[in-house]
Each structure stands twice: as C-alpha cells, then as structure tokens.
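Architecture and fold: a report
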Amino acid sequence: MALKTLTQQDLAWTCDPSLLGAATTADIETPANEIGQRRALDAVRFGADIDQPGYNVFVMGPSGIGKHAAVRALLEEHGARVGAPCDWAYVNNFRDMLRPRALRLEAGSAISLRDGMAELIDDLKIAIPATFEGEEFRKRRLTIDAEYLEGQEQQLNAVREKAQARGLALLKSEQGGFTFAAVRNNELVSPDAFRALPEEEQSAIIAAIEDLQKDLTDALYKLPRLEKERREKARALNREMARRAVAQLVQELRESFLASPAAHRYVSEVEEDLIENTHLFLGDQSQPQQGAEAPVLDGPGRLRGNPFRRYEVNVLVTNDPTAGVPVVFEPYPALGNLVGRIEHIAHMGALLTDFLLIRPGALHKANGGVLMIDAEKVLTQPWSWEALKRALRGREIRIENPGERTSLVATVSIEPDPIPLELKVVMFGDRMIYYLLAERDPEFIDLFKVQADFDEVVVRDEEAVQGLSRFIAATAQRTKSRPLDAAATARIIEECARGAEDQERLLVLSRPIADLVREADHIARKADREIIGEGDVNAAIAAQIRRAERIRERQEEAILRDLILIDTQGAKVGQINGLTVSQLPGFAFGRPARITARVRPGPGEVVDIEREVALGGPIHAKGMLILQGYLSGHYAREEPLSLMASLVFEQSYGGVEGDSASAAELVALLSAIADTPLRQDLAITGSVNQHGQIQVIGGVNHKIEGFFDLCEKRGLTGTQGVAIPAGNVRNLMLREKVREAVGKGRFHIHALETIDDAIALFTGLTAGIRALDGKFEKESFNARVAARLAAFTRIRRDLLRGEGQGR
C-alpha cells in the first residue's frame, strides 16, 4: 500500500526572495527578456532569415503571453541589420491617365522627387512665361504671322489682278467670305445700275465672275495649307522656346536622380509633357486655381482644377535609409487597410478619382520588411483573407475595390500598376485557428510554412525565475507603479506557479501579472507606502477573489443551509464526497459533490444515471466503462458479474463531464457492494484505469480548497481531509490558510497510488490481496466485495433456474 499523508512542505513551492538578487524591482535590470520561449523565437528567427517564398510565420499561443512584444522586438533587432527597402510612389501616366505608374525609388528619395517636382513647377511658372514674353519669341512669332499673311495676300492678289483686268473687283463680305463686283469708272456698279445694263453686258460680267470664281476657289483652297504651316511653325517655335526654358531646370532635377533609373525616366517623360503643354503655364495666373476640393471632369476619370496636378508625385511609402526594414502591425486589417484603396470625390452624381487619391495599405507600408496581423481579425474582415493570399501567391500588391461591383453610384476609377511584393507576414492567433486553417484551407500550409508555438507554461528553473522577476520589474516601470520588494516579487512568482498548477512550472501570462502589479500598487498607494510589499500582493489577490466569488459563496451557502446535502462527518454506505471544479471567466473554484451508488442482483450492468438522462459527457461515459472493466477484471475472473448498479451525482442539475470522479464512483460502488460505510469527513478526486491505478486530474488546488472551505465553515475536526492522486502532489500550490491547517494537524491531504489505497483510507479496512488459491484475505474489504458478488451470482443463478423450470 502506497498511501501517504502529505506534510505542509509538500503543499506548495515557495520562492526564495534571495534568488532575485535585488532588494526591490527598482534594482533589477530591464527590459525583460523572453521567458522560456526559445523554440518559438528560434522559429520566428528562422522565418525572418530564410529568403524563400511561402516561409511566412504563424505565431500561436494564448493571448496575454507577450507574443506581440517578444516577436516585434526580435524582428526589429533582426531588421536593423538589413538595409532599408525602396520607396514607392505613384505618378501620372502621360500616355494613359487611367493607369497610373508605380515608381520604385531608392530609400528616402520619394519625398525628394515630390519636392523636386513641386519646385520645378514653381520655377517653370516663372521661366516659361518669361521666355514667351521675351523679345526673341515676340519677333519670331510676328515673323511667322507675317509670312502667313504675306502668303495669303499673294494668293488673293493674283485673283484680284485678274478681276481688275476684266473690270471686276474682289471684295470681302460681311460674313468673312469673298465676292466679285463690276467696276465702272473706278466705282462699283450698284445692283440697280447692274440691272439697267444691256443684257449682253450683264451676261459678259456674269461669265467673267464665273471664270474668276474658279481661280478664287483654287486660291482659297490653298489658304488652310498656309494656316497649317503657320501653326506648325508656331508649334515648333513654342517647343523650341519651351525646351529652352525647361531643359536646364529639368536637367538639374534629372541629375539629382542619376542613381534611380525609374526617376530618371520619369523626369524625362515630364520634360516632354511640359514642352507639349506650355499653355498650362501661359494662362491668367492672377486667377486662383481650383484644387481637388472643387473638381470638374476633364477626360475619363480625371480631376481638373489645378492644371499642374498632373505633375505632382503621390508618395505612397517612404523609408528612412538608416532605420532598417519596417516592422508594421496592422490592428484593423480591412481590405482597404491591407492592400490599399482608391479614394473618390463625388461630383455631379459620379465618383471621380486620379493617381493622387491612391492610398497605401499595410502591405505597402511593410513591403521589404515584416507585416504583423491578427489571424482572427483578418479572417473576419470581408475579402481580406483572400486578398492577402492572392498578394502572397502572386508576390504583388494589386489594389482592389470590390465595392465597385455592388455600388449603385456611377464610379469612374483607375487601375494603378501593381507593386512587387517582398515581405514576411507574421500572423498571430490561437492554436485552434491554426489547426482549422491547416485542415480547411489547402493554401494555408503553402503560404505559412513556419509555426512558432508560444508556450504559456515554462519550466521553473533559476533562469526562468530571474527572467520573470525582470518582467515584473519592467511591468512596474511600464505601468508607473511603485517598486516591489523581493518578497512581493517572489509572491507574484509563486502565483505564477499556482496558475500553472505545477510546483515545477510557471505560467507566464503577462496580463494577470500586470493586473496584480497595478492592484498591489493601488493598495500600497492608499496606505502611503513607497514600496509594494508582500502584504500588498496578498491583499490584491484576496481582493481579486472577493470580487469574483459571488457564485462560489452562493453554492457554499446552499451547502451550509443543507439545501445541497454534503456530509463532512460520520460514515455511510455507498456514499462519498467527490470534488468538482466550476470554471468561470477569470475565476475558478472547487466544491464537493455527493456521489451515491445502489446495487442489487442483475445482469452485470452499471447504470450511469447522468448518461441515461443526457447530462453526462463522452469522457465521463468512458470513465464509467473503465470502472466496469475494473470490476470485471478484479472480481469476476471466472464468472460473469451478476450485478445491477446505479451511480449518480446527487443534486446535479447541469452537465457532468470528465473522468476525475471515476475513483470516487468506484469507491462508492464497491462500498455499496461490500455494504461497508465510507468516511464522510473525506473527499476524493482522481481518475482510475482498468488496473485500479489512480491517475492525475486537473484543478486539484481548487478542489482541495473547495472542500477545506466547507469544513472550515462547519468547524475543523482534525480528521477531515482530501485524497488526491499521488501524481498530483507536484501540482499542489495551495493557499496559505490550507497549508497552515495541515501544518497544525487540523486538515489532511492524502496521496493515493491505487484504488486499494482509497479503500483503506475511507473504510479503515485492509483492501486485501488475492492469494494463490484465488481468494482474497479474510476480513479484508475485497473479500467482502467478492462474497457479496458471489451471493448475487447465486441469487441470479437460482432465479434463472427457477424461470427455466417454470417454462
């Protein structure tokens, strides 16, 4: 028999304040390093280092563990050793304004290009008008106009001379055309005078006019060609003068971007467009220009108002050349925030836009570096997850606007050039999301090949304790709390071990630690103490429990008022105190539950009443089947069981799940079979296997404390206690009042290895082992069980024989 009664020292691990190496947290060096997460951070480091597609990282683990801070710090440290990525800008496509061009520029040069273009336009606003208002341009333009007028006159003079020779004059009509009229004695013949002429003379004049009309038509036909030549000469002159005004200024800008081929080409294109559009600079500059706030339509989808808008540069992303690669966290990964968006301006019932209204997304900002996003948020945003996958597969960022397909408003949009994508995506989520995506989305594993699994529970060693103390110190500084002394820091570390439910492990969730530091600081502040002490931490823990324990108090009150029946003294057959845990958000507590068993002769069936009424879960049902396996293997080796038994959690009105009560159920059932009473001043928890070994369970501290609180309220007798699996001893991190009661012998905790240990403890009898003849020791508990089962078998055999004879 391996029954062991635990001492006070077995019930918790206590942290030695001297291990911290400092009197207060103010003396502890910060910032804190990660605590026991080497595997996860090595995975993140691997994902950041490997330069292959698909090696994006999924960081998994519970919230509040400090994943974001640790991963970001690692990535920023890694990125600082790498050169900054390039800048990106969108500029006007002078050939097709509906397809803006993306410019790839050296890091930090996009703003220089934007400012350089603005300065160029400002200079040209002065230089071009000055050039076109100069004497040289005026003279050369007058010469072109004079040549045109001279050519025009030459053509008309030839017709005019022929007309004079035939007694006619070439006149310009009021409508701007030309006509012929008869001349007599150097005077025009009036219509009345013309009608008074002889018919022969009239006919001669009309014939002459018809002949000259052909010459006039030929002359007028040549005039548009002369006008075209004039315009071409004027246009050539404009280009020449514009190039003279533009070339020097553009060359200065071009030379500043010799190292950037894309900017160099763009400036050359700007030069050609400026030369062709000098009229933009020759308008009435005294009139205020309209901006984007007062848009009008100027071609498909173009916003007109500011005539120089076409030469502006939309800086999408710029990076500091000395800052390394960007590490960007996107808290709200909606589609527009992720891949960028195109903004529109409403005008006359339509939505207009141009390249200056293109806005970057997180992928643009993180391009060349790392993008950190939350898995749940990106999955719950419409279109975002698919857009992210398309970007990673195609390795380019293409701005999407699904609203255009469903919009009822006429929208004139643009199609910007896609931007090449070179980045790592680090996605954060819990383990369930990772496994669901891996199972349901066939593309997920190909795109996120690296998993970094953060463990919320780490091994408690000196390094982990030191790391946790540094984290507590950093938390106190970050929250502007008072310093904690060594005892207070050690107390918080002990609470981390309690959270892990393991004397050899620590729970390293940052949120509860930070909350405890803040609340202990509040208590110390109210008491006007400059340093947070252990008492402040204990008071903060007690206050947290007090705020959350209303339901626990109500259930305990129901037991104390005998509304829920629980015995804590005496002995009864087929009745035992099991232990359960109720888990609420942020709070858990244990309480006892009465388990009873009834038996009679029958067909070898154990009825689980919870299962029969659909209140028992599958794991609880599995425990019941294991229980039956133990009965059959231990007591019915040669004959089948002739037993009809029922087991139930009394006054249980909710679901029952888990197998941690299977040891209690088995002991209650054996007590009913052996007709032997069980101690009611004890409670038991533990699962059992088919060989009768007691196995570990969860929530052992809450279960012990739940029964202790009830016994304390009724009065500790010195015999009360709890039996737990021996394997759970290392999980004990009990509250101080329980440890003190055990130390004083007023409460006991027993460690069980087998079901025989539980039988001995609860009945006071020897369990008994099977002798060579196959029988248990006389007067042992197992002998009573075997004898009662044998009696059931005889009764059932006699009943079956009687039924057979009756037929």
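Residues numbered from 1 in each chain as written. Predicted model: local features only at pLDDT ≥ 70, side-chain atom pairs only at ≥ 80, totals over all residues. Heavy atoms only, no water.

1. Remarks on the nonpolar core
Ranked by internal contacts, the top residues of the largest apolar core, which has 54 residues, are V59, L75, V426, L468, I493 and L506. Of all the elements, helix α16 (residues 486-500) adds the most residues to this core, at eight residues. The contacts of V426, once residues within four sequence positions are left out, are V57, V59, V71, L75, V370, L371, M372 and I373. Formed by 48 residues, the second largest nonpolar core is a distinct cluster that contains V606, A668, A674 and I684. (Core = buried A, V, L, I, M, F, W, Y, C linked by side-chain atoms within 4.5 Å. Buried < 20%, exposed > 50% of the residue type's maximum accessible area, 1.4 Å probe, protein only. Helix = DSSP H or I, 4+ residues; strand = E, 2+ residues; numbered from the N terminus. Contact = heavy atoms within 4.5 Å.)

2. Considerations on the pairing of strand β2 (residues 57-60)
Burial along β2 is two-sided: V57 and V59 and F58 and M60, pointing in opposite directions, are all buried. As defined by bridge partners, β2 adjoins strand β20 (residues 424-429) across four bridges and the pair is classed as parallel. Its bridge partner lying in β20, V59 is registered against F428. As judged from the four bridges shared by β2 and strand β21 (residues 450-453), these two strands associate in the parallel manner. What sits directly across from M60, in β21, is D453. (Pairing = 2+ DSSP bridges.)

3. Regarding the sheet that holds strand β4 (residues 101-105)
Strands belonging to one sheet form pairs held by backbone hydrogen bonds; the direction of such a pair is parallel or antiparallel. Ordered by their spatial adjacency, three strands build an open sheet running β4-β3-β10, and the pairing between neighbours is antiparallel. At either margin of the open sheet sits one strand with a lone partner, and together these are β4 and β10 (314-317). Neighbour to neighbour, the strand axes of the sheet diverge by 30° on average, direction disregarded. With respect to the sheet, helix α3 (residues 110-132) is in contact with β3 (87-91), β4 and β10, its orientation differing from that of β10 by roughly 175°. Helix α7 (residues 261-276) rests against β3 and β4 of the sheet, and its axis sits at about 135° to β4. (Axes fitted to C-alpha atoms, helices over the stretch in contact; angles between N-to-C directions.)

4. A closer look at the sheet that holds strand β5 (residues 168-172)
Pairing is antiparallel in the open sheet, where three strands are placed in the order β5-β6-β7. Every interior strand has two partners, whereas the edge strands, β5 and β7 (187-188), have only one. The sheet contact formed by strand β6 (residues 178-184) and β7 spans two bridges and is antiparallel. The residue bridging R184 from the neighbouring strand is E187, located in β7.

5. As for helix α1 (residues 38-49)
If you check α1, its first and last C-alpha atoms are 16 Å apart, about what twelve residues at 1.5 Å a residue would give, namely 16 Å. If you check which residues of α1 are buried, you get A40, L41, A43, V44, G47 and A48. Seen along its axis, α1 keeps its buried residues to an arc of 155°; they face one direction. Turned more than 90 degrees away from the buried face of α1 sit R38 and R39, all of them exposed. Packed against the buried residues of α1 are β2, α2 (67-80), β20 and β21. (Expected span 1.5 Å × (residues − 1). Arc of directions from axis to C-beta.)

Purely spatial values, then, with no claim about function.
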